[in-house]
Amino acid sequence: MMHAFDILGDPVRRRILELLADGTQASGAIVEVIAAEFSISQPAVSQHLRILRDTGFATSRAEGRRRLYAVAPERFDEVDAWMQRFRRTWEPRFEALATEVARGKKARRERG
């Protein structure tokens, strides 16, 4: 199986996943957006959809003549596990930012 970042490294596949993150999409709707944004053909978009499906990032099901795609969240566990190693570098910064935002809000309330 390909590493998750090999799949996600492609901008077309990332964009397809962004579309799917908003909910289930028909393949025709995906093709319309991706073809317009990346100037690629319907068969090329279908190939990207197949890769996402075959590698477990997306699921598909037939509904009449349409094929519907959705994000398969389980595959993102590998991405999350890899990112976990780096969270310790940015989480303290976000916590410090949250503290400063809270202090600013408190100061405004006290002044006003």
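None of the values given here were measured: they were computed from a predicted structure.

K.L.:
Tell me about the pattern of salt bridges, and name the residues and values.
P.N.:
One pass over the structure, following the stated rule, counts ten salt bridges. Close ionic contact of Glu18 with Arg15 constitutes a salt bridge, the shortest N to O distance being 3.5 Å. With Glu18 and Arg15 both in helix α2 (residues 11-21) and three residues apart, this pair spans about one turn of that helix. The partly exposed category is assigned to Glu18, whose relative accessible area is 46%. For Asp54, the salt bridge goes to Arg53, with nearest N and O atoms at 3.9 Å. Residue class for Asp54 comes out partly exposed when judged on its relative accessible area of 47%. Counted as one network, the salt bridges with shared partners bring together Arg15, Glu18 and Glu37.

K.L.:
I'd like a description of the packing of aromatic side chains, backed by residues and values.
P.N.:
Considering all chains together, one arrives at three aromatic pairs under this definition. Judged by centre distance (5.0 Å) and plane angle (80°), the rings of Phe57 and Phe76 are edge-to-face. With a gap of 19 residues between them, Phe57 in the loop between α4 (42-54) and β2 (58-63) and Phe76 in helix α5 (residues 76-111) connect regions that are remote in the sequence. Given the relative accessible area of 0%, Phe57 is considered buried. Grouping aromatic residues by their ring pairs yields a cluster made of Phe5, Trp82 and Phe86.

K.L.:
Tell me about the packing of α2 against helix α3 (residues 27-38), and please be specific about residues and values.
P.N.:
The axes of two packed helices give the description: the angle between them and the distance between them. Contact geometry for α2 and α3: axes closest at 11 Å, N-to-C directions at 140°. It follows that α2 is oblique to α3 by the angle criterion. Relative to α3, α2 is oriented so that their crossing is right-handed. In this structure, α2 uses Pro11, Val12, Arg15, Ile16, Leu19 and Leu20 to contact α3, whose residues at the interface are Ile30, Val33, Ile34, Glu37 and Phe38. Class assignment of the residues belonging to the contact of α2 with α3 gives a composition of nine nonpolar, no polar and two charged.

Calculation notes
Residues numbered from 1 in each chain as written. Predicted model: local features only at pLDDT ≥ 70, side-chain atom pairs only at ≥ 80, totals over all residues. Heavy atoms only, no water. Salt bridge = Lys/Arg side-chain N within 4 Å of Asp/Glu carboxyl O. Helix = DSSP H or I, 4+ residues; strand = E, 2+ residues; numbered from the N terminus. Buried < 20%, exposed > 50% of the residue type's maximum accessible area, 1.4 Å probe, protein only. Phe/Tyr/Trp six-rings, centres within 6.5 Å; stacked < 30°, edge-to-face > 60°. Axes fitted to C-alpha atoms, helices over the stretch in contact; angles between N-to-C directions. Parallel < 35°, antiparallel > 145°, perpendicular 65-115°, else oblique. Left-handed = near helix turned anticlockwise from the far one by under 90°. Contact = heavy atoms within 4.5 Å. Nonpolar A, V, L, I, M, F, W, Y, C, P; charged D, E, K, R; others polar.

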